[in-house]
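Read off the chains here:
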Amino acid sequence: MKKIVPCIILMTMVLSSSSQENNFMVYSFKGAATIMENNVESKAKVGRIISAASTVKIPVGAIVTLICNQNALFTIRKAGTYKLIQFSDSCNISTGSLSSNYARYIWEQMTSHGEGTPGSNRKIFMNTIGAVSRSVNNIWIDPRLDTINYVSGNFPLAWKSYSDAREFDFVLYDNADALHPVYKTTTKEMQIPITGITKYMKEGNTYFWTSAVKGENNDELKVINYISQEDFKNVLNHLKTSGPAYEGEAEQAFRIAFGLEDARYYSAAYQYYLKASKLNPDVWLFRSTLMSFKKDYDIK
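Residues numbered from 1 in each chain as written. Predicted model: local features only at pLDDT ≥ 70, side-chain atom pairs only at ≥ 80, totals over all residues. Heavy atoms only, no water.

Turning our eyes to something else, we now look at the pattern of salt bridges. In the structure shown here, the tally under the stated rule is 13 salt bridges. As a salt-bridge pair, glutamate 189 and lysine 300 come within 3.7 Å of each other at their nearest N and O atoms. Of the two residues, glutamate 189 is situated in the loop between strand E14 (183–187) and strand E15 (191–193) and lysine 300 in the segment after helix H6 (284–296); the sequence distance between them amounts to 111 residues. The class of glutamate 189 is partly exposed, set by a relative accessible area of 44%. Note that arginine 255 and glutamate 247 form a salt bridge whose closest N and O atoms lie 2.6 Å from each other. The exposure classification of arginine 255 matches that of glutamate 247, with both residues buried. Members of the salt-bridge network, linked through shared partners, are Arg122, Asp142, Arg144, Glu261 and Asp296. (Salt bridge = Lys/Arg side-chain N within 4 Å of Asp/Glu carboxyl O. Helix = DSSP H or I, 4+ residues; strand = E, 2+ residues; numbered from the N terminus. Buried < 20%, exposed > 50% of the residue type's maximum accessible area, 1.4 Å probe, protein only.)

Spelled out as structure tokens, the structure:
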């Protein structure tokens, strides 16, 4: 009996391991690709969850990109009939990478039925979320604005006030010593459009800004890196080429927007979230994320 028990335990472990199958989600597709599941064949649909026991049929000219186990993106583009169980090797990707974070974000948003607005929790899937704000002088600046990489386009430098003050001082410095501002103004708004201060900045340089209740000081400086067009082009090209072998134009724009936001290119990210929403307005996640982005960064 002592010899039989270990064998039973081993058999149970093997059965348990073999029963753990990969799950897949349709991320993007082109053409008349179909899914065969439980002996029922139907058209591919973005956001659909399918099991490893399913079969994907790819006719000539069709392409399908799938997310596997909330973690990895891979593409099937050669015409044929494929059992998804054969793609287990495509389900591996390093956790914590931008691709992995993005795949988990898409999976969670498309399958979540809990509370909260879809697209509002992007930062938990990103690597850079900012430091904790000290909230001095009745002014609070979102930690995500600790550092901004700026190239072009408009974006608000915004803050909140815990007081009933009606006027605020905004100051821009060209060094962290914060002794001699290159620009200073007083405003009744709790934001300054970045396009209103670019004439005081030069590409390739780093600047520091802060806001305070009028007449008060705030030593909590935020950073603006004024990135050159050439350097940004390299960032953009990297994001474009780091995606799956195939994705629709709207899906690519949305993925690039996610990557740009993660890299703190907020004004550029906004343009790509807009682009994705316009290219495919029927995808509710694109619209919802755009609205959440505008709310998060006080874009009016």
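After that view of the structure, there is still more to cover.
Quick look at the state of the cysteines now. The final tally for this structure, using the stated rule, is one disulfide. One disulfide bridge connects cysteine 68 with cysteine 91, the sulfur atoms lying 1.8 Å from each other. Taking the torsion about the S-S bond as the criterion, the cysteine 68 to cysteine 91 disulfide, at about 85°, is right-handed. Highlighted residues: cysteine 68 in strand E6 (residues 63–68) and cysteine 91 in the loop between strand E8 (80–83) and helix H2 (98–111), separated in sequence by 23 residues. (Disulfide = S-S within 2.5 Å.)

By size, the foremost hydrophobic cluster in this structure holds 59 residues, and its most contacted members are Ile197 and Leu260. A total of eight residues in this core trace back to one element, the largest contributor, which is helix H5 (residues 266–279). Once residues lying within four places of it in the same chain are set aside, the contact partners of isoleucine 197 are Leu157, Phe170, Leu172, Tyr183, Ile192 and Ile224. Counting residues in each nonpolar core, the second largest holds 19 residues, with Ala52, Val64, Ile76 and Leu84 among its members. (Core = buried A, V, L, I, M, F, W, Y, C linked by side-chain atoms within 4.5 Å. Contact = heavy atoms within 4.5 Å.)

The subject of this paragraph is helix H3 (residues 229–241). Between its first and last C-alpha atoms H3 spans 18 Å; for 13 residues at 1.5 Å apiece the expected length is 18 Å, and the two agree. If you check which residues of H3 are buried, you get Phe232, Leu236 and Leu239. Each buried residue of H3 sits inside an arc of 60° when the element is viewed along its axis, so together they form one side. Opposite its buried face, H3 presents the exposed residues His238 and Thr241, each directed more than 90 degrees away. Lining the buried residues of H3 we find H2, helix H4 (249–262) and H5. (Expected span 1.5 Å × (residues − 1). Arc of directions from axis to C-beta.)

Of the residues in the protein, 86% reach a pLDDT of 70 or more, and the chain-wide mean stands at 87. For residues 1–19, every residue scores under 50 in pLDDT, and the model assigns this stretch zero contacts once sequence neighbours within four places are set aside. (pLDDT = per-residue confidence, 0-100.)

Bringing the pairing of strand E13 (residues 168–173) into the picture now. For E13, the tally of buried residues reaches six of six residues, placing the bulk of the element in the interior. On E13, burial covers both faces: Phe168, Phe170 and Leu172 on one face and Asp169, Val171 and Tyr173 on the other are all buried. In terms of strand pairing, E13 meets E14 through five bridges, oriented antiparallel. If you follow phenylalanine 170 over to E14, its bridge partner there is threonine 185. As paired elements, E13 and strand E16 (residues 206–213) share six bridges and run antiparallel to each other. Pairing of leucine 172 across the sheet is with tryptophan 209, part of E16. (Pairing = 2+ DSSP bridges.)

As a further point, take the sheet that holds strand E3 (residues 40–43). The sheet built from four strands is open, its strands ordered E3-E2-E5-E8 with antiparallel pairing. At either margin of the open sheet sits one strand with a lone partner, and together these are E3 and E8. Between one strand axis and the next, the sheet turns by 20° as a mean value, whatever way the strands run. Pairing geometry for strand E2 (residues 34–37) and strand E5 (residues 55–58), over three bridges, is antiparallel. (Axes fitted to C-alpha atoms, helices over the stretch in contact; angles between N-to-C directions.)

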